Amino acid sequence: MKSTQPTPPEQSAPRIAVIGAGPGGLLCARVLQQLGVPVTVYEADASVDARDLGGTLDLHADSGQIALEDAGLTDAFRALARPEGQAMTRMDHHGTVLDRFVPDAADEAAPEIDRGQLRRMIAAHVDPAAVRWGHRLTAAEPVGDGTHRLRFANGTTAVADLVIGADGARSRVRPLVSDATADYSGVSFLDVVYEDADTRHPGIARLVGDGHLFVRDGNGRAIIGQRNSGGHIRAYLAMRTPADWHTAAGIADPSDPAAADAVGRHLLAEYVGWDEQLLPFLTDPDGGYRNRPIHHLPAPHTWQHTPGVTLLGDAAHVMAPFGGHGVNLALLEAAELAHAIVREPTLDAAVRHYEARMTERAAPLAAGANQALAGFFGSAAHAAPDHAEEHRRYQEGAAAYRAQRAADGH
């Protein structure tokens with residue numbers, strides 16, 4: 001923090017609390033620590049590996065990769081990343097291949113990394129004494145001058161001069177700045193996994209290949225398959241459907257292992273007419289089905305500046321997963337916020353600077369992602385993105401970002 005006049009020793013370091021130890025929250029802490037700024041991260045999970053975080057992520061050259069570079073984590077990322085995972089196959093529900101994208105050998109515009117791997121990698125480079133696992137935020141109360149008192153489910157409390165909400169779509173920090181809530185998109189995913197896929201699920205492995213498989217029927221049904229690390233394949237069995245679809249089908253909880261057979265039968269009825277080679281995606285997962293209804297905030301999501309609090313990532317602008325912007329924005333926002341805290345004369349100035357830039361960047365991407373979700377699950381013909389052109393934009397955007405930063409003297 002810069003200061004134009006001396007401050008008392010007890011006020012020399014702002015009390016910064018990051019709520020949420022996902023990739024964005026952890027990366028913000030990592031960069032702040034590199035810059036010599038104390039920070040504490042509070043996370044509801046009991047540990048970094050407490051739960052399955054989902055599938056694979058593509059980290060874009062113009063955002064997520066820049067943030068990891070800022071954090072000194074490029075080599076750690078490359079040791080885990082899968083450039084071959086950028087491959088894409090698009091099929092119709094009759095099994096006809098519509099197009100394929102195979103990345104060039106030197107293409108590193110958007111390599112893949114598992115969500116769990118990314119979280120563990122960043123966490124390993126954050127001072128462990130700064131992370132409070134098992135701290136689920138229950139309330140954040142303004143106590144004056146931008147300061148907030150934080151209350152956690154385990155009975156502990158803390159006071160912070162800046163609260164950074166990096167706590168996802170159901171953020172408990174967001175209500176401090178906005179009344180907006182993430183609404184159901186009309187689309188639900190069933191998240192499934194096929195372990196040791198090349199040996200135990202060779203048909204599925206062949207269709208997914210090294211990267212991703214997208215199949216849609218133009219009637220609100222889709223299968224999105226993705227290669228993960230360790231020989232696993234994950235798929236999202238996706239439907240345009242009411243949020244309570246499982247209740248109407250007589251299934252109390254589709255994530256209950258005891259309901260797996262009933263869910264499989266329901267899916268076979270929903271995906272009637274699909275090619276036989278695609279049906280094992282519906283019936284043969286290992287470990288059952290996890291229901292993931294897709295929610296998103298209005299785009300743009302803006303709020304009146306509130307002293308002592310800000311948001312990043314899904315807490316600020318949760319959007320449909322199409323385009324893969326969510327984690328990339330969270331990482332870049334985390335790095336930019338950390339740098340603003342150091343460069344700007346006050347915390348308030350840092351937050352104002354950060355929020356203006358964050359909103360300008362995220363708003364069009366969120367609107368585009370939400371529109372892409374609606375189009376993919378609509379009845380009209382769907383134009384797949386040109387992945388080669390997309391990758392060129394990522395690389396050009398990265399060069400432009402670095403050039404602008406150099407021009408700004410950063």
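Remember, it's a predicted structure, so these values are computed and weren't measured experimentally.

Basis of the calculations
- Residues numbered from 1 in each chain as written.
- Predicted model: local features only at pLDDT ≥ 70, side-chain atom pairs only at ≥ 80, totals over all residues.
- Heavy atoms only, no water.
- Helix = DSSP H or I, 4+ residues; strand = E, 2+ residues; numbered from the N terminus.
- Core = buried A, V, L, I, M, F, W, Y, C linked by side-chain atoms within 4.5 Å.
- Buried < 20%, exposed > 50% of the residue type's maximum accessible area, 1.4 Å probe, protein only.
- Contact = heavy atoms within 4.5 Å.
- pLDDT = per-residue confidence, 0-100.
- Pairing = 2+ DSSP bridges.

## Some thoughts on unusual backbone geometry
In step 1: Each neighbour pair has its own omega, and for Ala299 with Pro300 the value is 5 degrees, a cis peptide bond.
In step 2: Residue placement: Pro300 occurs in the loop between strand 16 (290-296) and strand 17 (309-311).
In step 3: The phi angle at Asp145 is positive, at roughly 60 degrees, despite the residue not being glycine.
In step 4: Its location among the elements puts Asp145 in the loop between strand 8 (137-144) and strand 9 (147-152).
In step 5: Non-glycine residue Asp196 carries a positive phi angle of around 45 degrees.
In step 6: By secondary structure assignment, the location of Asp196 is in the loop between strand 12 (183-194) and helix 5 (197-200).

## A look at the nonpolar core
Note on soluble globular proteins: their nonpolar side chains tend to be buried together.
In step 1: One finds Leu27, Leu118, Ile122 and Leu150 to be the most contacted residues of the largest nonpolar core, which totals 64 residues.
In step 2: Those residues in contact with Leu150, other than ones at most four positions away along the chain, are Ala17, Ile19, Tyr42, Leu137, Ala139, Ala140, Thr156, Thr157, Ala158, Ala160 and Val163.
In step 3: Val192, Ile223, Ile233 and Val263 belong to the second largest nonpolar core, which has 28 residues in total.

## What about the confidence of the model for the protein chain?
In step 1: Summing up the model confidence of the protein chain, the mean pLDDT is 95 and the portion of residues at 70 or higher is 97%.
In step 2: Low confidence marks residues 1-10, where pLDDT is under 50. Its contacts with residues over four positions away, or in another chain, come to 12 contacts.

## Things to note about the pairing of strand 5 (residues 97-101)
In step 1: Pairing analysis gives 4 bridges linking strand 4 (residues 88-92) to strand 5, with the strands arranged antiparallel. Bridging from a neighbouring strand, Thr89 pairs with Arg100 of strand 5.
In step 2: From the end of strand 4 to the start of strand 5, which pair antiparallel, there are 4 residues, and Gly95 there has a positive phi angle of about 90 degrees.

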